[in-house]
Amino acid sequence: MAVNTGSRGSVTTFTTPSDREVAMTRVFDAPRRLVFEAWTSPKHVPHWMLGPEGWTMPVCEIDLRPGGEWHFVWRKSNGTEMEMRGVYREVKPPERLVHTERWGAEWPETLNTVVLTEKDGKT
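On a predicted model such as this, the values are computed, not experimentally measured, just so you know.

Asks: Go over the layout of surface pockets with me, naming the residues and quoting the values.
Replies: Of the pockets and cavities examined, the largest pocket occupies roughly 1,700 Å³. Forming the boundary of the largest pocket are 42 residues, of which M24, W39, T113, V114 and V115 lie nearest the centre. Taken together, the elements giving at least two residues each to the lining of the largest pocket come down to β2 (11–15), β3 (23–25), α1 (32–40), α2 (45–48), β5 (69–76), β6 (81–92), β7 (96–101) and β8 (110–115). Take the lining of the largest pocket: its biggest share by element is six residues, from β8.

Asks: How would you sum up the nonpolar core? Please name residues and give values.
Replies: Within the largest apolar cluster, 18 residues are counted, with the highest numbers of intra-cluster contacts made by V45, M49, M57, I62, F72 and W74. If you list the elements that add at least two residues to this core, you get α1, β4 (55–62), β5 and β6. Ranked by residue count, the leading element in this core is β4, at four residues. The contact partners of I62, leaving out residues within four places of it in the chain, are T40, S41, P42, V45, E69, W70, F72 and Y88.

Asks: Quick rundown of the environment of K119? Include the residues and the values.
Replies: Here K119 shows up in the segment after β8. Using a relative accessible area of 64% as the deciding quantity, one classes K119 as exposed. Placed 88 residues apart in sequence, K119 and P31 show a C-alpha to C-alpha distance of 8.4 Å.

Asks: Any chance you could break down the packing of aromatic side chains for me, citing the residues and the numbers?
Replies: The way to describe two aromatic rings as a pair is by their centre distance and the angle between their planes. The final tally for this structure, using the stated rule, is four aromatic pairs. Between W70 and F72 the ring centres are 4.8 Å apart and the planes differ by 45°, which places this aromatic pair in the tilted class. Overall, the relative accessible area of 4% leaves W70 in the buried class. Measuring from ring centre to ring centre gives 6.0 Å for F72 and W74, while their planes differ by 80°; the resulting arrangement is edge-to-face.

So, how was this worked out
- Residues numbered from 1 in each chain as written.
- Predicted model: local features only at pLDDT ≥ 70, side-chain atom pairs only at ≥ 80, totals over all residues.
- Heavy atoms only, no water.
- 1 Å grid on protein atoms, 1.4 Å probe; cavity = no way out; pocket = protein on both sides within 12 Å on 5 of 7 lines; lining within 4 Å.
- Points joined across faces, edges and corners; volume = space filled by probe spheres on them.
- Helix = DSSP H or I, 4+ residues; strand = E, 2+ residues; numbered from the N terminus.
- Core = buried A, V, L, I, M, F, W, Y, C linked by side-chain atoms within 4.5 Å.
- Buried < 20%, exposed > 50% of the residue type's maximum accessible area, 1.4 Å probe, protein only.
- Contact = heavy atoms within 4.5 Å.
- Phe/Tyr/Trp six-rings, centres within 6.5 Å; stacked < 30°, edge-to-face > 60°.

Shown next as structure tokens:
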């Protein structure tokens, strides 16, 4: 299944390699070092990892090292908050991140692997 996710014609493709995995693939018109920086820098994450209009990310903490924790909090204009946190297991700039993710104590923990490859200046 492919889903068009924006006006620039970028498509995100979703597959299910197993009954416990979801793989997402997307091409960015940028070198992977910049995509890695956008994915891992508290300076950049609050600008792109937002939901619907009216939400901000007042907390974006990233300790980018194996064993380091990350913590994000989103806040809606009416004061509603939601948070997500995890721990980095593997950090290999600019090609690979492995980290846990949890949306609160009642949610199961997931393991995410981000692999960035570059071809012709695109990631």
